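These are the residues of each chain, in order.
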Amino acid sequence: MTRRIKKVAIVGSGIMGSGIACHFANIGVEVLLLDIVPRELNDKEKAKGLTLEDKVVRNRTVNDALKASLKSKPSPIYNQKFANRITTGNLEDDIAKVADVDWIMEVVVERLDIKKIVFEKLEKHRTPGTIISSNTSGIPIKFMNEGRSADFQKHFAVTHFFNPPRYLKLFEVVPGPDCKKEVTDFLMMYGEKFLGKTSVLAKDTPAFIGNRIGIFGIQSLFHQVKELGLTVEEVDKLTGPVIGRPKSATFRTVDVVGLDTLVHVANGIYENCPNDEAHELFKLPDFINKMMENKWLGSKSKQGFYKKTISAEGKKEILTLDLDTLEYRSKKRAKFATLELTKTIDKPIDRFKVLVGGKDKAGEFYRKNFAAMFAYVQNRIPEISDELYKIDDAMKAGFGWENGPFEIWDAVGIEKGIELMKAEGKEPATWVTEMLDAGITSFYSVKEGATHFYDILTKTQTKKPGQESFIILNNIRKSNEVWKNSGVVIEDIGDGILNLEFQSKMNTIGGDVLAGINKAIDLAQKDFQGLVVGNQGANFSVGANIGMIFMMAVEQEYDELNYAIKYFQDTMMRMRYSSIPTISAPHGMALGGGCEISLHADKVVAAAETYMGLVEFGVGVIPGGGGSKEMALRASDSFRKGDVELNILQENFLTIGMAKVSTSAYEAFDLGLLQKGKDIVVVNKDRQIATAKAHAKLMAESGYTQPAKRNDVKILGKQALGMFLVGTDSMKDSKYISDHDMKIANKLAYVMAGGDLSEPTLVTEQYLLDIEREAFLSLCTERKTLERIQHMLKTGKPLRN
């Protein structure tokens, strides 16, 4: 049976239910979102003379919840227009509509009695063969399944999303005892291919995989923090980006998620896992119980481990909870000698050996922390998973860890990890000892570009399943390297396609990266069929190396700066006008120069989570790598489609002038940074490079021909320039912008209008590039521009002066 998911029903519209509904809408699926009917009128409804029979009242619960979700930050939806794919209703008037959906998902409160009532109601209307699942975070399936029909049980599983559903990639699939294999296989495939998730097949054990390990890690910290005399700030410093974890680290994460949520899961594990060797660790420490009594739950109650305050003078301050006194105090700076030793080590995976060797309190913390984690995860096999890679996948996808526990253990060294465990009175599991005795010294290895893991059942290194759809650059970088310099690596990714991968800090674009792009095009034109520009770092690129621009401008090396900007522009034009197809694969931040690379590629294969924008205004200049030219060119192309000329040019001017950044790849289409009918979006970032490669290959095999250079760009001259200048002058008079802002905006206006020509004229791209470069250079001579660049280099934030 070939299943197609065209419409889903989500029952329960709370934070998770609405978030899941939004994510299905994100991928184009119609959603029916249902919730309970209110039992009494609120004050507003009474004032309007409404009754409990009015539809607006009966759908109040679901409509209010969805509205709140759509307003939340970060947004649960790629584009607000996608919310039109969600239809709301209630569980009395609209429950019969579930007969027409392809998948029903229950996302109600975590109470078995309520879930069973919901399932009983749903079964009366569910069409046989329809998938039905629960988003429970731990209620055993056998209890939820009880009393349901055979067909219901054959199509029932847990499908556990993590909050927020749009952003966290973990999708745990837990089949019921009678669930058909084809249903389980379909859910695993659908999660990965359509929802863009990391699908992890879990067992029906308390808290499944992600929360079982994640809550252990947090509870372990709760108990260690007092033992080691660490502050909240110190723990968050030690457990954040330095070890490849989110900036929110530990205590800030608990505040965001809600202490009550964590306590609920921890209590569930404590009650339902009496034989867990760390059973007592899941008992809540006194300070957590006191926080629960005080209802200090985190963001939802305005205070938790951190508390935002505003003084009488209006000054904002974030206070920190002192875990000894349980009183709030000003934040203290956390600093450790061990962390200083890692500052020159770019990748977190390479820092772990240094961290566990630290001689200070940080080193002691890491030794204890990793020893506890290694000991715990080794003993969860085969209880929660038969394969170790599933534990790593769950932690990376569900908690945002860059490396899973077994990957960290590999990085430390298995023997060293055992030494750390023994120092804490913990012994290695039998399977770990057997692995070492067999001469296998790592949990993971790479063979022929594929990741292999130690399979405990076969006692061999086995290929990790599901890699066929992915190209993992880290696995092929050495074996498939064609050329490299300090800024890039060029890899042969097969079928005649090259990939250019940035290697600079934060993937910034300097002379070495531009040289690499030119070299990649040379190589591709000579011996290959196409080029992908893509990487698998945290971000595609944060833009040009502004430090280099700053130094040239400060030293007044304007000839060199002019050459550098022209080299950037020429490289972008080579991206567009070469004899092979060029594909850009942006993800994460694609800002400034990173955006300009995508603007000039033949096609963009963007990850859904791409935050793209021409943000140069923030450092006091205009886009100088062809971005200003390109937005004028795209406006010109829209003129041909009958769009109002000044209006579309003004929209593109504001995209640059307001430094707009898309909140998703789909929003980048609205900003004119991606083009409908040409560029595409992939929801699963792991598939991005493989998809980009496929499109490069298809374009090459379809007979790609080098495009002719454009000489038909319509610019509007004085007509547009006058409109822009009046607008900037008005904004300056109204104090919306500073003198320097107006100067930058007027330079951009001159470029996008094509100068002060007396009438609309057709020009070449080079004409626009030349005046773009001239405007960029003139702004680099301004003192206030240099102040902005210097401020950005120091703080990472724009300055308005």
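Residues numbered from 1 in each chain as written. Predicted model: local features only at pLDDT ≥ 70, side-chain atom pairs only at ≥ 80, totals over all residues. Heavy atoms only, no water.

## Description of a positive patch on the surface
Then, in step 1: The grouping of Lys-44, Lys-48, Lys-67 and Lys-71 at the surface amounts to a positive patch.
Then, in step 2: We classify Lys-71 as exposed; its relative accessible area is 61%. (Patch = residues over 30% accessible without salt bridge, like charges linked within 9 Å, V, L, I, M, F, W, Y side chains within 5 Å. Areas by Shrake-Rupley, 256 points an atom, 1.4 Å probe, with all protein chains shown as cover. Salt bridge = Lys/Arg side-chain N within 4 Å of Asp/Glu carboxyl O. Lys, Arg positive; Asp, Glu negative; His and termini not counted. Charge placed at Lys NZ, Arg CZ, Asp CG, Glu CD. Buried < 20%, exposed > 50% of the residue type's maximum accessible area, 1.4 Å probe, protein only.)

## Concerning the nonpolar core
Then, in step 1: Within the largest apolar cluster, 116 residues are counted, with the highest numbers of intra-cluster contacts made by Ile-10, Phe-24, Trp-103, Leu-500, Ile-597 and Leu-673.
Then, in step 2: Those residues within four positions of Trp-103 in sequence are excluded, and the remaining contacts are Ile-5, Lys-7, Val-8, Ala-9, Phe-24, Thr-130, Ile-131, Ser-133, Thr-159, Phe-171, Leu-187 and Tyr-190. (Core = buried A, V, L, I, M, F, W, Y, C linked by side-chain atoms within 4.5 Å. Contact = heavy atoms within 4.5 Å.)

## Observations regarding the state of the cysteines
Then, in step 1: This model, assessed by the stated rule, comprises zero disulfides.
Then, in step 2: Cysteine Cys-780 shares no disulfide, and the gap to the nearest cysteine sulfur, in Cys-595, comes to 19 Å. (Disulfide = S-S within 2.5 Å.)

## Notes on the packing of aromatic side chains
Then, in step 1: Summed over all chains, the structure comprises 36 aromatic pairs.
Then, in step 2: When the centroid spacing of 5.2 Å and the interplanar angle of 75 degrees are considered together, the rings of Phe-82 and Tyr-666 count as edge-to-face. Pair noted here: Phe-82 is in the loop between helix 4 (60-71) and strand 3 (86-90) and Tyr-666 is in helix 28 (residues 665-670), with a separation of 584 residues, a long-range link.
Then, in step 3: You can call Phe-82 buried: its relative accessible area is 10%.
Then, in step 4: Pairing Phe-222 with Phe-251 gives two aromatic rings, centres 6.0 Å apart and planes at 15 degrees, and the pair type is stacked. Highlighted residues: Phe-222 in helix 9 (residues 210-227) and Phe-251 in helix 11 (residues 251-257), separated in sequence by 29 residues.
Then, in step 5: On the basis of relative accessibility, which here comes to 1%, the residue Phe-222 falls in the buried class.
Then, in step 6: Among the residues examined, Phe-251 registers a relative accessible area of 0% and is labelled buried.
Then, in step 7: Members of the aromatic cluster, connected to one another through ring pairs, are Phe-352, Phe-365, Tyr-366, Phe-370, Phe-374, Phe-406, Trp-409, Trp-431, Phe-443 and Tyr-454.
Then, in step 8: When the ring centre of Phe-82 is taken as origin, the NZ or CZ atom of Arg-85, which lies over that ring, is 4.1 Å away.
Then, in step 9: Its guanidinium or amino end placed over the ring of Tyr-376, Arg-380 lies 4.3 Å from that ring's centre, counting from NZ or CZ. (Phe/Tyr/Trp six-rings, centres within 6.5 Å; stacked < 30°, edge-to-face > 60°. Helix = DSSP H or I, 4+ residues; strand = E, 2+ residues; numbered from the N terminus. Lys NZ or Arg CZ within 6 Å of the ring centre and 35° of its normal.)

## Remarks on the sheet that holds strand 8 (residues 198-201)
Then, in step 1: Pairing within the open sheet is mixed, and its eight strands lie in the order 3-2-1-4-5-6-7-8. Edge positions in the sheet fall to strand 3 and strand 8, since each has one partner strand and no second. Direction aside, the axes of adjacent strands within the sheet are offset by 25 degrees on average.
Then, in step 2: Across four bridges, strand 1 (residues 7-11) lies against strand 4 (residues 103-106) in parallel orientation. When the sheet's bridge partners are listed, Val-11 is paired in strand 4 with Glu-106.
Then, in step 3: Contacts from helix 8 (residues 181-193) reach strand 4, strand 5 (131-134), strand 6 (156-161), strand 7 (170-175) and strand 8 within the one sheet, and its direction differs from that of strand 8 by about 155 degrees. (Pairing = 2+ DSSP bridges. Axes fitted to C-alpha atoms, helices over the stretch in contact; angles between N-to-C directions.)

## Some thoughts on the packing of helix 18 (residues 405-412) against helix 19 (residues 414-423)
Then, in step 1: Between helix 18 and helix 19, the shortest axis-to-axis distance is 6 Å and the interhelical angle comes to 100 degrees. In terms of their interaxial angle, helix 18 and helix 19 are classed as roughly perpendicular. Contacts between helix 18 and helix 19 involve Trp-409, Asp-410 and Val-412 on the former and, on the latter, Ile-414, Lys-416, Gly-417, Ile-418, Leu-420 and Met-421.
Then, in step 2: Of the residues belonging to the contact of helix 18 with helix 19, the class tally is six nonpolar, one polar and two charged. (Parallel < 35°, antiparallel > 145°, perpendicular 65-115°, else oblique. Nonpolar A, V, L, I, M, F, W, Y, C, P; charged D, E, K, R; others polar.)

## Quick word on helix 27 (residues 645-657)
Then, in step 1: If you check helix 27, its first and last C-alpha atoms are 18 Å apart, about what 13 residues at 1.5 Å a residue would give, namely 18 Å.
Then, in step 2: Within helix 27, the full set of buried residues consists of Ile-648, Leu-649, Asn-652, Phe-653, Thr-655 and Ile-656. In a view along the axis of helix 27, the buried residues occupy a sector of 155 degrees, so they form one face of it.
Then, in step 3: Note on helix 27: the residue one or two positions beyond its end, Ala-659, has a positive phi of about 50 degrees. (Expected span 1.5 Å × (residues − 1). Arc of directions from axis to C-beta.)

## A short note on the sheet that holds strand 15 (residues 481-484)
Pairing between sheet strands relies on hydrogen bonds along the backbone, with the strands arranged either parallel or antiparallel.
Then, in step 1: The seven strands are arranged 15-16-17-18-19-21-23 in an open sheet whose pairing can be described as mixed. Edge positions in the sheet fall to strand 15 and strand 23 (680-682), since each has one partner strand and no second. Each strand of the sheet is rotated relative to its neighbour by a mean of 20 degrees, with strand direction disregarded.
Then, in step 2: The sheet contacts of helix 29 (residues 688-701) involve strand 17 (497-502), strand 18 (530-534), strand 19 (582-585), strand 21 (603-607) and strand 23, and relative to strand 21 the element is tilted by about 165 degrees.

Purely geometric numbers; function is a separate question.
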